[in-house]
Amino acid sequence: GEDDSTGEGPTDGSCDVWEQDCPEGEKCAAYANEKSDWWNDLHCVPVPENPAQIGDPCYAPEGPAAGIDDCDHGAVCWDVDEEGMGTCLGLCTGSAESPSCSINGDVCVIANAGVLNLCLAGCDPLLQDCGDGQGCYPAAADGYVCAPDDSARGGGYAEPCEYINVCDAGLFCTDASNVPGCMGAVGCCSEYCDLSEDDPDAACSGAGQICVPHFDPVAPGFEDAGGCVLP
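The structure displayed is predicted, hence computed values, not measured ones.

Definitions and cut-offs
Numbering of residues starts from 1 in every chain and runs along the sequence as written. Totals for whole chains, interfaces and linings use every residue, but because this is a predicted model, local features are given only for residues with pLDDT of at least 70 and side-chain atom pairs only at 80 or more, for both listing and counting. Where side-chain values are given, they derive from all heavy atoms of the structure, hydrogens and water being excluded. Buried residues of nine kinds, namely Ala, Val, Leu, Ile, Met, Phe, Trp, Tyr and Cys, make up a nonpolar core once their side-chain atoms join them within 4.5 Å. A simple rule labels every residue: compare its accessible area, found with a 1.4 Å probe on the protein chains alone, to the largest value its type can have, and call it buried under 20%, exposed over 50%, or partly exposed in between. Segments assigned H or I by DSSP are reported as helices when at least four residues long, segments assigned E as strands when at least two residues long, and all are numbered from the N terminus. Whenever two N or O atoms come within 3.5 Å, that pair is a polar contact, provided that in protein one can donate a hydrogen and the other can accept it, and provided that, for residues adjacent in sequence, both atoms are side-chain atoms. Contact between two residues is taken to exist if any of their heavy atoms lie within 4.5 Å; hydrogens are not considered. Two cysteine sulfur atoms form a disulfide, by the criterion used here, when they sit within 2.5 Å. Criterion used throughout: strands pair if DSSP finds at least two bridges between them. Every axis in this analysis is a line fitted to C-alpha atoms, fitted for helices over the stretch in contact. Angles between the N-to-C directions lie between 0 and 180 degrees. Salt bridges are identified by distance alone: a Lys or Arg side-chain nitrogen within 4 Å of an Asp or Glu carboxyl oxygen. Geometry of aromatic contacts follows a simple scheme: Phe, Tyr and Trp rings, the Trp one being its six-membered ring, pair when their centres are within 6.5 Å, and the pair is stacked under 30 degrees between planes, edge-to-face over 60, tilted otherwise.

J.: Mind showing me how you'd approach the nonpolar core here?
T.: For soluble globular proteins, nonpolar side chains are generally found buried alongside one another. Judged by nonpolar contacts, the single largest core of 22 residues is most densely connected at Trp39, Leu42, Leu118 and Leu120. Residue assignment for this core shows that the elements contributing at least two residues are β1 (26–31), β4 (75–78), β8 (106–111) and β9 (116–121). In terms of nonpolar packing, the next biggest core, distinct from the first, is built from eleven residues, Cys130, Tyr192, Ala219 and Ala225 among them.

J.: Can you walk me through the side chain of Thr174 in this structure?
T.: You can see Thr174 is positioned in strand β13 (residues 171–175). Residue Thr174 is classed as buried on the basis of its relative accessible area of 11%. Here Asn178 takes part through its side chain, which lies 2.7 Å from a polar atom of the side chain of Thr174. Beyond its immediate chain neighbours, meaning those up to four positions away, Thr174 contacts Cys161, Val179, Gly187, Cys188, Ser190 and Val229.

J.: Just checking my understanding: could you explain the state of the cysteines for this structure?
T.: Such a bond, covalent and formed between the sulfur atoms of two cysteines, is termed a disulfide. Applying the stated criterion across every chain, the model contains 13 disulfides. Bridging Cys22 to Cys44, the disulfide has an S-S length of 2.1 Å. Here the S-S torsion is close to -90°, and the disulfide linking Cys22 with Cys44 is therefore left-handed. A residue pair is termed long-range when its members are at least 10 positions apart, and Cys22 in the segment before β1 and Cys44 in strand β2 (residues 41–46) qualify at 22 residues.

J.: What is the right way to look at the sheet that holds strand β3 (residues 57–59) in this model?
T.: Strand pairs in the sheet, formed through backbone hydrogen bonds, run parallel or antiparallel to each other. Spatial ordering of the open sheet is given by β3-β5-β4, a layout of three strands whose pairing is antiparallel. Sheet topology places β3 and β4 at the edges, where each strand pairs with a single neighbour. Strand-to-strand twist of the sheet, defined as the mean angle between neighbouring strand axes without regard to direction, takes the value 50°. One ladder, built from four bridges, connects β4 with strand β5 (residues 85–90); its direction is antiparallel. The residue of β5 that forms the bridge with Val76 is Leu89.

J.: Quick question: what am I supposed to make of the pattern of salt bridges here?
T.: Pairing between side chains becomes possible if they bear opposite charge and their charged atoms approach one another. Per the counting criterion, the structure on display carries one salt bridge. Here Asp69 and Lys27 are joined by a salt bridge, their closest N and O atoms 2.7 Å apart. With Asp69 in the loop between β3 and β4 and Lys27 in strand β1, this pair connects stretches of sequence that are 42 residues apart. By the burial criterion, Asp69 is buried, and Lys27 matches it.

J.: Can you help me understand the packing of aromatic side chains in this one?
T.: Both the distance between ring centres and the angle between the ring planes are used here to describe each pair of aromatic rings. Considering all chains together, one arrives at six aromatic pairs under this definition. Relative to Phe215, the ring of Tyr144 lies with its centre 5.2 Å away and its plane at 50°, an arrangement referred to as tilted. Residue Tyr144 is located in strand β11 (residues 144–148), and its partner Phe215 is located in the loop between β15 (210–213) and β16 (225–229); the two are separated by 71 residues in the primary sequence. Note on Phe215: relative accessible area 10%, which makes it buried. These aromatic residues form a ring-pair network of at least three members: Tyr144, Phe172, Tyr192, Phe215 and Phe222.

J.: Please clarify how unusual backbone geometry should be interpreted in this entry.
T.: Trans peptide bonds make up the majority, and among non-glycine residues the majority have a negative phi. Cis geometry is found at the peptide bond from Asp216 to Pro217, where omega equals 5°. With respect to the helices, strands and loops of the structure, Pro217 is situated in the loop between β15 and β16. Positioned with a positive phi, Gln128 is a non-glycine residue whose angle comes to about 50°. Mapped onto the elements, Gln128 comes out in the loop between β9 and β10 (134–138). Positive phi outside glycine occurs at Ala158, with the angle close to 70°. Here Ala158 lies in the loop between β11 and β12 (160–161).

Quick look at the structure:
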């Protein structure tokens, strides 16, 4: 469950994910402490000999939220399956105010109250050009990124969503007030739309919804990308 909050980091974290200030042979990694099922804290974990590199298969023996894996410094095991297997993903470098990624085309996403800082592949929401099992989702004001489609328990149009990648590929999570029929939820899934079309509102299923720019100001390169909302 990745969310898009970028507030203050954990007060009880034992390390700084930007400074990577753990002892030699260890790295600072996000994990879920006893108060949560998802990443909400930071701790130092050992880096094994001959660690996996960015883009390599990896192993997280205690699951995705334990923060323990066989990836090298500056990487985390991401999109972990039931067997504990995933792929090493790079962490952002720099700072929360001025982040960067080592791979051209990747976008830094700072999520879960600042605990997660991930370099995710950029994408086009109108093309949905991510790999199998992934969708193209908004990433703050920096454009869009590929993330695992975590919609197994729903994710359809007007269905509730609590974080950015719970919606089906081709949909995004927006405030409940933007989607007709979305009741009692923090947010609901709505459709992307193409502002370059003659009638962009025609892509919107909900009664009264209109197609508006997804970001304000518009993210460079995504001038045609819109979202269906109520005015």
